[in-house]
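# Structural characterization, general
Residues per chain, in single letters:
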Amino acid sequence: MKAIRIREPGGPEVLETIELPEPVPRPGEALIRVRAAGVNRADLLQRAGRYPPPPDVPADIPGLEFAGEVVELGPPAGRPGEADARSAVIAGSPVMGIVGGGGYAEYLTAPVEHLMPVPRSLDMMEAGGVPEVFLTAFDALFTRGRLDAGERVLIHSAGGGVGSAALQLARAAGAAGVAGTASAEKLGRLAEIGLSPDLGVDYETEDFAMAVDGWTGGRGVDVILDTIGASYWRANVASLAELGRLVIVGVMGGSTTEVDLRALMTRRATVVGTVLRARSIAEKADVTRDFARRFLECLEAPEPALRPVIDRVLPLEEARMAHELMAANRTFGKLVLKT
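Our subject in this report is the structure included herewith. For clarity, every value in this text was computed on a predicted model and none was experimentally measured.

### Section: the pairing of strand β15 (residues 334-338)
- With 4 of its 5 residues buried, β15 lies for the most part within the structure.
- Here strand β3 (residues 29-39) runs beside β15; their pairing, made up of 4 bridges, is antiparallel. Looking at β15, one finds that V39 is bridged to L335.
- Bridge count for strand β14 (residues 310-315) against β15 is 5 bridges, and the pairing is parallel. Of the residues in β15, the one forming a bridge with R312 is L335.

### Some details on the pattern of salt bridges
- Under the counting rule described, the total for this entry stands at 20 salt bridges.
- Here R7 ties to E16 by a salt bridge, and the two come within 3.4 Å at their closest N and O atoms.
- Put simply, D139 and R279 hold a salt bridge, and the shortest N to O gap is 2.5 Å. Remark: R279 occurs in the loop between β13 (270-273) and α10 (281-300) and D139 occurs in helix α4 (residues 131-144); sequence separation between them is 140 residues. Accessibility classification places D139 together with R279 in one group, the buried group.
- One connected set of salt bridges, linked through shared partners, spans R5, R7 and E16.

### Details of the packing of α4 against helix α5 (residues 161-172)
- Packing of α4 against α5 leaves a shortest axis separation of 8 Å and a crossing angle of 55 degrees. By the criterion of interaxial angle, the relationship of α4 to α5 is oblique. Along this stretch, α4 crosses α5, giving a crossing that reads as right-handed. In this structure, α4 contributes V133, F134, T136, A137, F138, L141 and F142 to the contact, and α5 contributes G161, V162, A165, A166, Q168, L169 and A170.

Calculation rules
- Residues numbered from 1 in each chain as written.
- Predicted model: local features only at pLDDT ≥ 70, side-chain atom pairs only at ≥ 80, totals over all residues.
- Heavy atoms only, no water.
- Buried < 20%, exposed > 50% of the residue type's maximum accessible area, 1.4 Å probe, protein only.
- Helix = DSSP H or I, 4+ residues; strand = E, 2+ residues; numbered from the N terminus.
- Pairing = 2+ DSSP bridges.
- Salt bridge = Lys/Arg side-chain N within 4 Å of Asp/Glu carboxyl O.
- Axes fitted to C-alpha atoms, helices over the stretch in contact; angles between N-to-C directions.
- Parallel < 35°, antiparallel > 145°, perpendicular 65-115°, else oblique.
- Left-handed = near helix turned anticlockwise from the far one by under 90°.
- Contact = heavy atoms within 4.5 Å.

Here's what the structure looks like:
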């Protein structure tokens, strides 16, 4: 099979196409013929040597999400919930899901509990851009952020994969208002997927804390989904409502900052940091199952309430270009590699 290997830590030039034997499914796993693999910022960090993969996945093949067809199942592993998941997976069925690594390849193996059926309304390339960003956004907003209908939300990097997924999920869940930060160019396109023009903040020219203060009449927002980290800390805390929740899923703006604890105390605020990749098989299975139960039908409808935002599809061999585009922040939504 073809796969993209990280030859050594470095820039996009260290990505190379190689030939490898097809993997063999272990107990509790399915072998998947990958058709599409989503590209994520975590892949760039792994390539640079700054985000080591879990020990049970290929160390030098990036890729956290996929869409493809089931080839075969390995023997049962006896995990709780595995039998039900196996009964829904048959050879040839189109599936999508998350993996700890190895997505940039023509074949991979994944726990059966991490597989979801590809909605009929999506083609394989669209499906390849769903699992990582929608599961990350779902877990951050609803499990960690406890978002409820009628609450207000602020989503940073709303033009990215996780941000565009979070915007749609929050609206589908009945949020009273969803604000988003992005570049001026991306804000115009975000209006196409439901961001109200008066709730978009140009992070290059506007102070988002002041914008939130004006929008909410000084009350603040109930949930913030943050992909930036340290450089947004003060403004994030200032933007929170009483009992607000700040969920940090990325640190593109740094990971170390000085904290004024009194600002958190007076708001009785909650700060949650979260990652999806390093969790156990059981935890990822819970997130996958909960998302599927609540929102998979929103991707199935004739006019779906949720839709992956795909910037472009590139051949697997052009993984370097995909990384260059993402590093330059020249994308809107997802980059997908066609295998």
